[in-house]
Amino acid sequence: MGAFETTKLSALRSEEQLSLLDEIDKLRRSGISDHVSLPQIAVCGDQSSGKSSCLEAISGIPFPRKDTLCTRFATELVLRKSSVESVVVNIVPSQQRSKKESQELASFQYTLQSFDELPELIESAKIVLGLDKPGSGFSSDILRIEISGPTRPHLTVVDLPGLIHAKNDDEDDEDVEEVVSELVYSYMRRPRTIVLAVVSALNDRALQAVLKRVKAVDPHGRRTMGLITKPDTLFKDSESERNFVKLALNEGTHFRLGWHVLRNRDFHTRDVTTPERDRIEEEFFSQGVWKTLPREILGVAQLRERLSKVLLDHIKSELPALIREIQDILNESLQALTRLGDRRGTAEQQRLYLLKHSQHFTTICRASCDGIYEDSFFGDLASGESRTRRFRAVVQNLNLAFAEKVRLEGHQVNLRGNGLEGKSDEAISWVRDILISSRGRELPGTFSPMLIGDLFRVQSKPWEKMSKIHLQDVWIRARKHVENILSTLMDAEACMASLMHCVDPLMEKLLRTATNEMDSLFRDRHRQAITYNHYFTENVQKISNGRYEKRLLEVLTQMFPLDYTRNQRTGPEDLSAVCAAIISRTIPDMDTRASIELLDHLEAFYKVAMKTFVDNVAVQVIEASIVNNLADVFNPLAVAQMTSELVSKIAAESQENQTQREQLERKIHILEEGLDTCKRHASRHTLGI
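As the structure is a computational prediction, the values presented were derived from the model and not from experiment. (Residues numbered from 1 in each chain as written. Predicted model: local features only at pLDDT ≥ 70, side-chain atom pairs only at ≥ 80, totals over all residues. Heavy atoms only, no water.)

S.K.: Any chance you could break down the overall build of the protein for me, citing the residues and the numbers?
M.R.: Counting secondary structure elements, the protein contains 22 helices and 11 strands. Sequence separation of 24 or more characterises 78% of the internal contacts of the protein that already satisfy a separation of 6 or more. Carbon and sulfur atoms form 51% of the exposed surface of the protein, whose accessible area is close to 35,700 Å². (Helix = DSSP H or I, 4+ residues; strand = E, 2+ residues; numbered from the N terminus. Contact = heavy atoms within 4.5 Å. Areas by Shrake-Rupley, 256 points an atom, 1.4 Å probe, with all protein chains shown as cover.)

Structure representation (structure tokens):
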């Protein structure tokens, strides 16, 4: 097998594995691991717990080890089956790196001719990462080692920096602990990562942070295997030895995958060959209390066999969830691609894009203005968003609210009250002052009809502000409604360009037209008060009759008191006294009397004019100027008349969108192939093939 031959990986291969792991390797080669988590083994433990030695024992690949230096970055070992033998080492920059730093680190990529070059290359990686000096801390970048060959298994093994209890004097970076903790946690929390929790026999089990982290990410211990290292440091027959033996038997801290014990090279045996290392380990486990333990939980050979089976079973159990995750991400990607819309690189594609969406916009907008909510755009009534999209309902409700506000708050002076003849003292005083200061040739006790118009303009003064606020509110809702429709049809960039270059100028024009129409209604208020509505005279009579009815009721109640003993009313037989009592009340002040009559006419005219004004605002301003023209702000005719330059401004696809489209198309292709592969393999397992 040449320089790349290593027999220590053979235990990780079997026909059963090759059938299943080959499918995972296809997914990994396709690049799907950038989008979903694939099964892997992560070696985790406290600082200097022997993790790198474990990784070397499992893989048979030499890693540089120093007793005074722990792993300072994550090392991701990717083993792949391939017809071509190769070892490629590169650095995956952290997302926290700047663009320039990422480019520099990404240029670190080498192809090795022998494993003997690996230790030196790892040291070079430390220099590139700035970890070659004391106090340089840890790196969140990843050293990725890809080993391919026809005899390689399909496996991913990751060696992570050790969890820190206390920093060394040369580790002066305040964020070291946080960086390492987050890096380790990012691997441990992945549901398809098998955590190989390394526990050193040099330290008390309760003091080792890795077990606490495992409890947090895998509380039931379903995907964790414990690994005890450095058992040769324990004193024979000591309490500590007995405790670790119990741990090896899965007592105390229980994991579903159990525990394993490994004796690694120490400082004195660091240079021995791999066969010699295995012989020393086997000899150690054949002595003392260790010889009483089951052989399948001792030694590196058995560990590789266990990991082989554990990984295989883990992949089988995760396959259904992996299929669901790929399907979910695929659906999200397809939706994102749909939101980008059609390709529009040429002028013809751009105009066709706008024509297509302007037609759809016109159809939806007209339906919403007509109150026909059959299109999927309007959604389900249960959702709050659907209510804002039903524009006819929005306008109707705004108009109703406007009418109610004008009815309740549209008057300047409150005419009714507890003063003379049911009028408010404020209203009588206000009208009397106007009457006196505006005398003409009218006789005492009468008033000029011109005063009705003057008083009405004062009384209806709040209408102007209320109607302008109402118009602005409707226009804002209309503008938002147009934007909502366009945002569902186009990507965000084309939508904003359409609004900026086409829709907004026309919406501003609609607002100006509506404002001009509103101003004409205001000008009508300054003309002579004229109405041919019969409700005016009826209202005057009703107001007058209401006042006399109230007076009559008061007199009759007084003249004919209720006899509670006989439950009937009694009173004078001479009805002339009753009539005299009814007509006895007079208002001697002629100006006050004229003011009350003038208030009657003002109140009657105000009611008629208010209803007319509210209707005019709704029909002539809101409907005619805004609602009826809303669908025309982005219609096919307008698109057809656009210049090529304007079409390009609106519909041309940005470089960012083109890049995003290409990435999405590649991602969708990868996910579709991956989903097909997973489903095909899942079917074979379901059928027992």
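Okay, back to it.
S.K.: Pulling in residues and values, what's your account of the side chain of Arg 192?
M.R.: Here Arg 192 lies in the loop between α5 (176–188) and β7 (193–200). Overall, the relative accessible area of 3% leaves Arg 192 in the buried class. Apart from the residues within four sequence positions on either side, Arg 192 is in contact with Ser 37, Leu 38, Pro 39, Gln 40, His 314, Glu 318, Ala 321, Leu 322 and Glu 325. (Buried < 20%, exposed > 50% of the residue type's maximum accessible area, 1.4 Å probe, protein only.)

S.K.: Lay out the confidence of the model for the protein with the relevant residues and their values.
M.R.: The predicted model of the protein averages 81 in pLDDT, with 85% of residues at 70 or higher. Note that residues 1–14 has pLDDT below 50 and, in this model, 40 contacts with residues that lie over four places away or in other chains. (pLDDT = per-residue confidence, 0-100.)

S.K.: For unusual backbone geometry, give the residues involved together with the corresponding values.
M.R.: The phi dihedral of Lys 230 falls on the positive side, at around 55 degrees, and the residue is not glycine. Counting through the fold element by element, Lys 230 comes out in the loop between β8 (224–229) and α7 (239–248). We classify Lys 230 as partly exposed; its relative accessible area is 24%.

S.K.: So what about the pairing of β7? Which residues, and what values?
M.R.: Extensive coverage of β7 is indicated by the burial of eight of its eight residues. Burial of the side chains of β7 extends over both faces: Thr 193, Val 195, Ala 197 and Val 199 are buried on one face and Ile 194, Leu 196, Val 198 and Ser 200 on the other. Bridge count between strand β1 (residues 40–45) and β7: six bridges; the pairing is parallel. Looking at the pairing, Ala 42 lines up with Val 195 of β7. Of the strand pairs in this sheet, β7 and β8 are connected by six bridges, and their pairing is parallel. Following the sheet pairing, Val 195 is matched in β8 by Thr 224. The parallel pair β7 and β8, bridged by helix α6 (residues 209–217), forms a crossover whose chirality is right-handed. (Pairing = 2+ DSSP bridges. Right-handed = clockwise from strand over helix to strand, strands pointing away.)

S.K.: Explain the packing of aromatic side chains residue by residue, including any values.
M.R.: Under the counting rule described, the total for this entry stands at 14 aromatic pairs. Here Phe 284 and Phe 285 contribute two aromatic rings whose centre-to-centre distance is 5.4 Å and whose plane-to-plane angle is 65 degrees, an arrangement assigned as edge-to-face. You'll find Phe 284 and Phe 285 in the same group, each marked buried. Here Phe 456 and Trp 463 contribute two aromatic rings whose centre-to-centre distance is 5.5 Å and whose plane-to-plane angle is 75 degrees, an arrangement assigned as edge-to-face. For the pair Phe 456 and Trp 463, a shared accessibility class is recorded, and that class is buried. Through successive ring pairs, a cluster of aromatic residues spans Phe 456, Trp 463, Phe 522, Phe 605, Tyr 606 and Phe 613. (Phe/Tyr/Trp six-rings, centres within 6.5 Å; stacked < 30°, edge-to-face > 60°.)

S.K.: Hey, could you go over helix α21 (residues 644–651) for me, with residue numbers and the actual values?
M.R.: Because the α-helix completes a turn every 3.6 residues, residues three or four places apart line up on one side. The set of residues buried in α21 consists of Val 647, Ile 650 and Ala 651. Take α21 and look down its axis: the buried residues cluster within an arc of 75 degrees, on one side only. For α21, the exposed residues lying more than 90 degrees away from the buried face are Glu 645 and Lys 649. On the buried face of α21, the contacting elements are α10 (347–370) and α16 (492–525). (Arc of directions from axis to C-beta.)

S.K.: Give a description of the pattern of salt bridges that names residues and reports values.
M.R.: When the charged atoms of two side chains with opposite charge come close together, those side chains can pair. Summed over the entire model, instances satisfying the criterion amount to 26 salt bridges. Between Asp 491 and Arg 344 there is a salt bridge, with its nearest N and O atoms 2.3 Å apart. Of the two residues, Asp 491 is situated in the loop between α15 (462–489) and α16 and Arg 344 in the loop between α9 (300–340) and α10; the sequence distance between them amounts to 147 residues. In this structure, Asp 491 and Arg 344 share a single accessibility class: buried. Its salt-bridge partner being Arg 477, residue Asp 473 comes within 3.5 Å of it at the nearest N-O pair. Of this pair, Asp 473 and Arg 477 both sit in helix α15, separated by four residues, roughly a single helical turn. In this structure Asp 473 comes out as partly exposed when scored by relative accessible area, which is 28%. Given a relative accessible area of 39%, Arg 477 falls into the partly exposed group. (Salt bridge = Lys/Arg side-chain N within 4 Å of Asp/Glu carboxyl O.)

S.K.: Got a sec to walk through the pairing of strand β5 (residues 142–149)? Specific residues and values, please.
M.R.: Summarising burial for β5: eight of the eight residues are buried, a large majority. Alternating positions in β5 separate into two faces, Ile 142, Arg 144, Glu 146 and Ser 148 on one and Leu 143, Ile 145, Ile 147 and Gly 149 on the other, with burial throughout.

S.K.: Tell me about the environment of Gln 396, residues and numbers included.
M.R.: Mapped onto the elements of the fold, Gln 396 is located in helix α12 (residues 391–409). Judged by relative accessible area, Gln 396 falls into the partly exposed class, the value being 39%. With 222 residues separating them along the chain, Gln 396 and Ala 618 place their C-alpha atoms 9.1 Å apart.

S.K.: So what about the packing of α16 against α21? Which residues, and what values?
M.R.: Closest axis-to-axis distance for the α16/α21 pair is 7 Å, and the angle between their directions is 140 degrees. By the criterion of interaxial angle, the relationship of α16 to α21 is oblique. Along its contact with α16, which presents Ala 494, Ala 497, Ser 498, His 501 and Cys 502, the element α21 presents Leu 646, Lys 649 and Ile 650. (Axes fitted to C-alpha atoms, helices over the stretch in contact; angles between N-to-C directions. Parallel < 35°, antiparallel > 145°, perpendicular 65-115°, else oblique.)

S.K.: How would you summarise the nonpolar core if you had to cite specific residues and measurements?
M.R.: Within the largest apolar cluster, 81 residues are counted, with the highest numbers of intra-cluster contacts made by Leu 354, Phe 361, Leu 486, Met 490 and Phe 634. Broken down by element, the residue count for this core peaks at 17 residues, all from helix α19 (residues 590–626). Counting residues in hydrophobic clusters, the runner-up holds 58 residues, among them Ala 57, Val 87, Leu 340 and Ile 668. (Core = buried A, V, L, I, M, F, W, Y, C linked by side-chain atoms within 4.5 Å.)

S.K.: Describe the environment of Arg 242, and please don't skip the residues or the numbers.
M.R.: Its place among the elements puts Arg 242 in helix α7. When its relative accessible area of 42% is taken as the criterion, Arg 242 is described as partly exposed. Residues Arg 242 and Val 289, spaced 47 residues apart in sequence, show a C-alpha to C-alpha distance of 8.5 Å.

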